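Residue-level structural notes
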Amino acid sequence: MIEYVTRRQILQGGSVLGLSALGLGLAGCGGSSGGQGKIRYVGYVESQQQLKATRTAIEQYQKAHSKVTATTEFSDFSSYVDKITTQISGGNPPDMMSANVDILSEYAGRGVLRELDSYNPGQINLADYAKGSVGAAQFDGKLYGIPNDVVGPTVIYNTDMLHQLGLKMPSEMCTWDDLANTAKAVAKAAGKGTYGIEDGSAAHIALDVYLRPNKKIFFAKDGKLGFEASDLIRWLNYWKDLREAGAIPPAATQAQSSSGDLSKTLLIRNKAAMLLQLTDSWFGLQALTPHRLGLHMLPNGFSKADLRQQNFVYAGNMTCISTKSHSASDIIALIKYLHTDPQGSSIFYKDTGIIPASAEARQTVLSSGSKTTRTLINYLAPLIKNSAEPRHSGPTEINDILQRTSDAVAFGRQSVQDAATGFFKDAAQVYKNR
């Protein structure tokens, strides 16, 4: 019942509430989008470190470009979603705005975002950007965002716990049975009250990876479901078997770890050895524990003979431009400075835990960043080079339905069969109402 939460939900070990509570405006902002050279930028940041780095980088850019005036307002992701929804609904979108996959698809489909293909490769060249990140910035075959970062699904594990128990993670290219067997071995060796892995049955991105070997996908390119009830039944039974074996926590215990606060995860409380997450959570998780945390790919198949890369990377954060803005060229120039200029990228990304989509910027960060930054870049490198098809967007309500379905099975309120049937019934209603 783990929810995917990213570093936007913690402040390197603190609460996400700190960002909205402290006030994030770099300069006063409000009102309609301005004329050429005037940029109103509303976005979300994922830590105080990123806020400071973004502020400094934009200030440096404006010192060298006096004709550009950027007024900026940042908040945590949750506050940002409410804010941008209100502004767009009121006909007052910012010139420049942050987006993830779901935000981009929603507003590109509504004509709010400017198509950016004409700027690539002229004013900005995305040729060296991670393909998965660029793909995430597209909707209906057209580019609507410039990807800021590259993230991917991962198993974050406590290396110290495994060492103390005399156990190891399976090979990087492993099966789902390998992961299950490792979880069972940890629980057996550690004894009652310590689990091999936290319950991942509600983790839609992990389910996406699980579906790939059978040529299925969570959301298809058109946003519709790309799998069937039989696939969901296998997935729910996988976690049910682990629950019955004591390798994952019982529902009541796991529920205490699903609040969106990473400090409450069983991994951080030293009650579980593994956690399914996204790579951009690793920095914040590591800051919460003295134990060394490792990164491992999610399983890539169901048998040794059929293992192929099923993990993927995509952009967790991208920058978009309003169709109403008169400063598109100025915004693209600013993004280019932040992403690829040696001075700009070294400020914008350094030790924020945000890994650049641009290979040029990754090299800059790799040479000047911390050991933790270098470890994360090196982990992502083979996934960037050989990524499976990145995840697609779909109705966010579907993720909520998967959470309810997972809970129903874990708490014993429904059988796996009935829960899976209910999932597709509820999902069908979501699509009918769109």
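This one's a predicted model, so the numbers in the text were calculated from it and none came from an experiment. Numbering of residues starts from 1 in every chain and runs along the sequence as written. In view of the model being predicted, local features appear only for residues whose pLDDT reaches at least 70, and side-chain atom pairs are presented and counted only at 80 or more, with totals across whole chains, interfaces and linings using the full set of residues. Excluding hydrogens and water, the side-chain figures rest on all heavy atoms present in the structure.

1. Remarks on the overall build of the protein chain
- Of regular secondary structure, the protein chain possesses 17 helices and 13 strands.
- Based on C-alpha atoms, the radius of gyration is set beside the globule rule, defined as 2.2 Å times the residue count to the power 0.38. A compact globule built from 434 residues should have a C-alpha radius of gyration of about 22 Å, and the protein chain, at 22 Å, falls within 12% of that.
- Its C-alpha atoms give the protein chain principal-axis dimensions of roughly 65 × 50 × 45 Å.
- Burial classification: accessible surface area is computed with a 1.4 Å probe over protein chains only, and a residue below 20% of its type maximum counts as buried, one above 50% as exposed, and the rest as partly exposed. Burial statistics for the protein chain: of 434 residues in total, 57% are counted as buried.
- Two residues form a contact once any of their heavy atoms are found within 4.5 Å. Excluding contacts between residues fewer than 6 apart, the proportion of contacts in the protein chain whose partners are at least 24 apart in sequence is 76%.
- Accessible surface, the protein chain as shown: approximately 17200 Å² in total, 49% of it carbon and sulfur.
- Think of it this way: Lys and Arg go in the positive column, Asp and Glu in the negative one, and His and the chain ends go nowhere. To locate a charge, the coordinates of NZ of Lys, CZ of Arg, CG of Asp or CD of Glu are taken. Here the protein chain contributes 44 positively and 39 negatively charged side chains, and the mean placements of these two sets differ by 3 Å. Secondary structure elements follow DSSP: runs of H or I no shorter than four residues count as helices, runs of E no shorter than two count as strands, and numbering proceeds from the N terminus. Computed by Shrake-Rupley with a 1.4 Å probe, the accessible areas treat only the displayed protein chains as cover when residues are assessed.

2. Focus on the pairing of strand S1 (residues 38-44)
- Burial within S1 is extensive, with six of its seven residues counted as buried.
- With seven bridges connecting them, S1 and strand S2 (residues 69-75) associate as parallel partners. Bridge pairing in S2 links Tyr44 to Ser75.
- The crossover handedness rule: strands pointing away from the viewer, path from first strand over the helix to second strand clockwise, crossover right-handed. One crossover worth recording links S1 to the parallel S2 by way of helix H2 (residues 48-64), and it is right-handed.
- Any two strands are treated as partners once DSSP identifies two or more bridges connecting them. In this sheet, strand S3 (residues 96-99) lies alongside S1 in parallel orientation, the contact comprising two bridges. If you follow Tyr41 over to S3, its bridge partner there is Met96.

3. Description of the sheet that holds strand S6 (residues 146-147)
- Pairing in this open sheet of five strands is mixed, and the strands run S2-S1-S3-S13-S6 from one edge to the other. At either end of the open sheet lies a strand with only one pairing partner, and these are S2 and S6.
- Sheet analysis places S3 next to strand S13 (residues 318-321), joined by four bridges and oriented antiparallel. Following the sheet pairing, Met96 is matched in S13 by Ile321.
- Here an axis means a line fitted to C-alpha atoms, over the contact stretch when the element is a helix, while the angle between two N-to-C directions is reported on a 0 to 180 degree scale. Lying over the sheet, H2 contacts S1 and S2, oriented at roughly 175 degrees with respect to S2.
- Sheet strands in contact with helix H3 (residues 77-89) are S1, S2 and S3, and its direction is about 135 degrees off that of S1.

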